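Residue-level structure breakdown
Letter by letter, the chains look like this.
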Amino acid sequence: MIPAAFEYYRPTDMAGVIALLQEHGDDARVIAGGHSLIPMMKLRMADVPHLIDLQAIKGLNGIAITDGTVTIGAMVTQHEIINSAEMEKAAPIMKEAALQIADPQVRYMGTVGGNVANGDPGNDMPGLMQCLNAQFHLTGPDGDRTVDARDFYEAAYMTDREDEEVLTAVSFAAPVGGFAYEKQKRKIGDYATAAAAVQISKEGGKVAAASIAMTNLSDTPVWSDSAGAALVGTACDDAAVKAAVTAMLGDIDPTEDNRGPVAFKRHAAGIVLGRAITRAWSRA
Ligand SMILES: Cc1cc2nc3c(=O)[nH]c(=O)nc-3n(C[C@H](O)[C@H](O)[C@H](O)COP(=O)(O)OP(=O)(O)OC[C@H]3O[C@@H](n4cnc5c(N)ncnc54)[C@H](O)[C@@H]3O)c2cc1C
């Protein structure tokens, strides 16, 4: 419950954040909504002598939808996602997924940037971003760069982000077709036992394109190219759904924990993916 002592900083521009990250290296961390970092500090699982608050940095807020591209500032909260009519229109899967993250109080604070930068395989937005083929925008001492969400996650809590970089925004092309975020969890606010993000587009009664990503079933989110490919050209019938589930099961690698043994997690993964595909297809 009691975190170790730390120095608190509240810079007002990104140059200030990066200068602090460079000065303190491994001893510094940025804090966004604080709803993953503070719990870890309270358990003393994260040792953060220098805490750099991003709340006063301009340019990390707001949702912009221009020319079919959705850009979400890193400090946009899950609550803002849920309440954005523009977002609901452009990418309704965002609201469907955000409503399954945590609880209202956490969603008032927790940010999109924190959720995707955290690197916890339990977070829901990383898989969702992979499903949407999002890009992550980073800024650091050497300037700006962009990384595909599908290339960002290396292992649990290990991402492509360098210690001195800050994630400033995520962006993706507004998806077309039907969508679903299906999550199996033990209770409100629990991380997924298994979750699936699915986008499907339809042409002439057949699947034209499908993107499938799974949450908390490996030490990173899993975008299953082969599962999506198994649906393309089919009428999304039972056989096609089964083929997609089989393909997805070849890509995940769950571990046993108090959400259940591996066999149960694989079973749950198949069920959530089947349901997500069916719902996405019905909306396509
Ligand atoms: C009770 C509870 C239930 C929850 N349930 C869920 C759930 O079901 N699904 C889910 O996905 N999440 C869940 N969460 C986590 C919640 O969504 C977090 O808020 C979120 O994961 C992290 O966002 P944050 O803004 O709070 O980040 P913080 O806690 O501030 O930061 C998390 C990490 O990301 C880094 N970071 C933050 N922002 C940036 C940035 N812009 N650039 C670089 N690094 C950055 C920080 O340094 C830190 O290491 C839950 C949290 C709680 C307390």
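Residues numbered from 1 in each chain as written. Predicted model: local features only at pLDDT ≥ 70, side-chain atom pairs only at ≥ 80, totals over all residues. Heavy atoms only, no water.

Another point: the packing of helix H11 (residues 238-249) against helix H12 (residues 262-283). Contact pair H11 / H12: the axes reach a minimum separation of 10 Å and the direction vectors enclose 140 degrees. Classified by the angle their axes make, H11 and H12 are oblique. The two elements H11 and H12 meet at a crossing, and its hand is right-handed. For the pair H11 and H12, contact is made by Val241, Ala244, Val245, Met248 and Leu249 and by Arg266, Ala269, Gly270, Leu273, Gly274 and Ile277, respectively. Partitioned by chemical class, the residues of the contact of H11 with H12 number eight nonpolar, two polar and one charged. (Axes fitted to C-alpha atoms, helices over the stretch in contact; angles between N-to-C directions. Helix = DSSP H or I, 4+ residues; strand = E, 2+ residues; numbered from the N terminus. Parallel < 35°, antiparallel > 145°, perpendicular 65-115°, else oblique. Left-handed = near helix turned anticlockwise from the far one by under 90°. Contact = heavy atoms within 4.5 Å. Nonpolar A, V, L, I, M, F, W, Y, C, P; charged D, E, K, R; others polar.)

Another point: the environment of Thr111. Relative to the assigned elements, Thr111 resides in the loop between helix H6 (104-109) and helix H7 (112-117). C-alpha separation for the pair Thr111 and Trp281, spaced 170 residues apart in sequence, amounts to 30 Å. Every residue in contact with Thr111, bar those within four places of it in the chain, is listed here: Ala32, Gly33, Ala74, Met75, Val76, Thr77 and Gln78. Here the side chain of Thr111 touches Gly114 through a polar contact of 2.8 Å, landing on its backbone nitrogen. (Polar contact = N/O pair within 3.5 Å; in protein donor to acceptor, adjacent residues only side chain to side chain.)

Moving on to the environment of Tyr8. Mapped onto the fold, Tyr8 is located in strand E1 (residues 7-9). For the pair Tyr8 and Ala209, spaced 201 residues apart in the sequence, the C-alpha separation amounts to 47 Å. In this structure, Tyr8 is in contact with Leu51 and Asp53, ignoring residues within four places of it in sequence. Within the structure, Tyr8 has its side chain in polar contact with the side chain of Asp53 (distance 2.5 Å).

Let us now look at the layout of surface pockets. Looking at the second largest pocket, its volume works out to about 200 Å³. Forming the walls of the second largest pocket are 13 residues, and the residues nearest its centre are Cys131, Pro175, Val176, Gln199 and Ser211. Of all the elements in the fold, those that place two or more residues in the lining of the second largest pocket are strand E12 (194-203) and strand E13 (206-215). Residues of the lining of the second largest pocket, tallied by class, amount to nine nonpolar, four polar and no charged. In this structure, the lining of the second largest pocket is formed jointly by two domains, domain 2 (63-173) and domain 3 (180-283), each of which donates at least three residues. (1 Å grid on protein atoms, 1.4 Å probe; cavity = no way out; pocket = protein on both sides within 12 Å on 5 of 7 lines; lining within 4 Å. Points joined across faces, edges and corners; volume = space filled by probe spheres on them. Domains from an automatic or database assignment.)

Considering the arrangement of structural elements, one finds Gly250 in the loop between H11 and H12. The spatial distance from the C-alpha of Gly250 to the C-alpha of Gly68 is 33 Å, given a sequence separation of 182 residues.

What follows covers the domain arrangement of the protein chain. When its domains are assigned, the protein chain resolves into domain 1 (7-53), domain 2 (63-173) and domain 3 (180-283). Computed from C-alpha atoms alone, the centre-to-centre distance between domain 1 and domain 2 is 19 Å. Contacts between domain 1 and domain 2 engage 12 residues on the former and 15 residues on the latter. Summed over both sides, the interface of domain 1 with domain 2 buries roughly 1100 Å², with 71% coming from carbon and sulfur. At the boundary of domain 1 with domain 2, the tally comes to zero salt bridges. Residue composition of the side of domain 1 that touches domain 2, grouped by class: seven nonpolar, four polar and one charged. (Buried area = accessible area lost by both parts, 1.4 Å probe. Salt bridge = Lys/Arg side-chain N within 4 Å of Asp/Glu carboxyl O.)

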